Amino acid sequence: MRQKGIWPTTATYGLLMEVMLTAGKYDMVHKVFEKMAKSGVSPNGLTYKALVQAFWREGKIHKALGTVGEMERRGIVGTASLYYEIARCLCSVGRCKEALLQV
């Protein structure tokens, strides 16, 4: 892409993160997110959702929740599906009451 003067957008990075997530390459989800940030492209609710899902699937519930907190501190509005994933994440480890507070 770059060789042709086409620069990746948030959507490009988000799609790549989704592909890596589906393939179970959670470390690559994190690397793509970091590369996006280093390249100056701003994340959005969908890229944060992919990051949260990667942390959840890795069993890193605390990091998943911290990522949502970071997103909100940056003023980024999460999608309904992101909060659905957080609720599922919390309920999967028996924290359903806490999940209700996220809504």
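You'll find the structure just up there.
Novice: Can you break down the overall build of the protein chain residue by residue, with the values?
Specialist: Within the protein chain, the regular secondary structure consists of six helices and zero strands. Its helices and strands in sequence order give the protein chain the pattern α-α-α-α-α-α, from N to C terminus. Relative to a compact globule of 103 residues, whose C-alpha radius of gyration would be 13 Å, the protein chain shows 14 Å and is just as compact. Principal axes of the C-alpha set define a box for the protein chain whose edges measure 50 × 30 × 20 Å.

Novice: Before we move on, could you go through the side chain of Thr10 and cite the residues and values that matter?
Specialist: Following the sequence through the fold, Thr10 ends up in helix H1 (residues 10-22). On the basis of relative accessibility, which here comes to 18%, the residue Thr10 falls in the buried class. Side-chain polar atoms of Thr10 contact the backbone oxygen of Ser42, separated by 2.7 Å. Sequence-distant contacts of Thr10, that is, excluding residues within four places in its chain, are made with Val41, Ser42, Pro43, Asn44 and Thr47.

Novice: Can you tell me about the nonpolar core, naming the residues and giving the values?
Specialist: In this structure, Met17, Val29, Leu82 and Ile86 are the most contacted members of the largest nonpolar core, which totals 28 residues. Looking at this core, the elements with two or more residues in it are H1, helix H2 (26-38), helix H3 (45-57), helix H4 (61-73) and helix H5 (80-92). Here this core gets seven residues from one element, more than from any other, and that element is H3. Beyond its immediate sequence surroundings of up to four residues, Met17 is in contact with Val29, Val32, Phe33, Thr47, Ala50 and Leu51.

Novice: Outline H4, listing residues and values.
Specialist: Here H4 contains 13 residues, and its C-alpha end-to-end distance of 19 Å stays within 8% of the 18 Å for a straight helix at 1.5 Å per residue. Three or more residues of H4 are buried, namely Ile61, Ala64, Leu65, Thr67, Val68, Gly69 and Met71. Elements that come into contact with the buried residues of H4 comprise H3, H5 and helix H6 (96-101). Positioned one or two residues after H4, Gly75 has a phi angle of 80 degrees, which is positive.

Novice: Residues and numbers for the pattern of salt bridges, please.
Specialist: Per the counting criterion, the structure on display carries two salt bridges. A salt bridge links Arg88 to Glu85, with the nearest nitrogen and oxygen atoms 3.3 Å apart. One end of the pair is Arg88 and the other is Glu85, both in helix H5 and three residues apart, which spans about a single turn. With its nearest N and O atoms 2.8 Å apart, the salt bridge here joins Glu98 to Arg95.

Novice: Please provide a residue-by-residue account of the packing of H3 against H5, values included.
Specialist: Their axes nearest at 9 Å, the elements H3 and H5 cross at an angle of 15 degrees. When the axes of H3 and H5 are compared, the pair comes out roughly parallel. Viewed along their axes, H3 and H5 form a crossing whose handedness is left-handed. The residues of H5 that touch H3, namely those facing Gly45, Tyr48, Lys49, Val52, Gln53 and Trp56, are Ser81, Leu82, Glu85, Ile86, Arg88, Cys89 and Ser92. Per-class residue counts for the contact of H3 with H5 are six nonpolar, four polar and three charged.

Cut-offs used in this document
- Residues numbered from 1 in each chain as written.
- Predicted model: local features only at pLDDT ≥ 70, side-chain atom pairs only at ≥ 80, totals over all residues.
- Heavy atoms only, no water.
- Helix = DSSP H or I, 4+ residues; strand = E, 2+ residues; numbered from the N terminus.
- Rg over C-alpha atoms; globule rule 2.2 N^0.38 Å.
- Buried < 20%, exposed > 50% of the residue type's maximum accessible area, 1.4 Å probe, protein only.
- Polar contact = N/O pair within 3.5 Å; in protein donor to acceptor, adjacent residues only side chain to side chain.
- Contact = heavy atoms within 4.5 Å.
- Core = buried A, V, L, I, M, F, W, Y, C linked by side-chain atoms within 4.5 Å.
- Expected span 1.5 Å × (residues − 1).
- Salt bridge = Lys/Arg side-chain N within 4 Å of Asp/Glu carboxyl O.
- Axes fitted to C-alpha atoms, helices over the stretch in contact; angles between N-to-C directions.
- Parallel < 35°, antiparallel > 145°, perpendicular 65-115°, else oblique.
- Left-handed = near helix turned anticlockwise from the far one by under 90°.
- Nonpolar A, V, L, I, M, F, W, Y, C, P; charged D, E, K, R; others polar.

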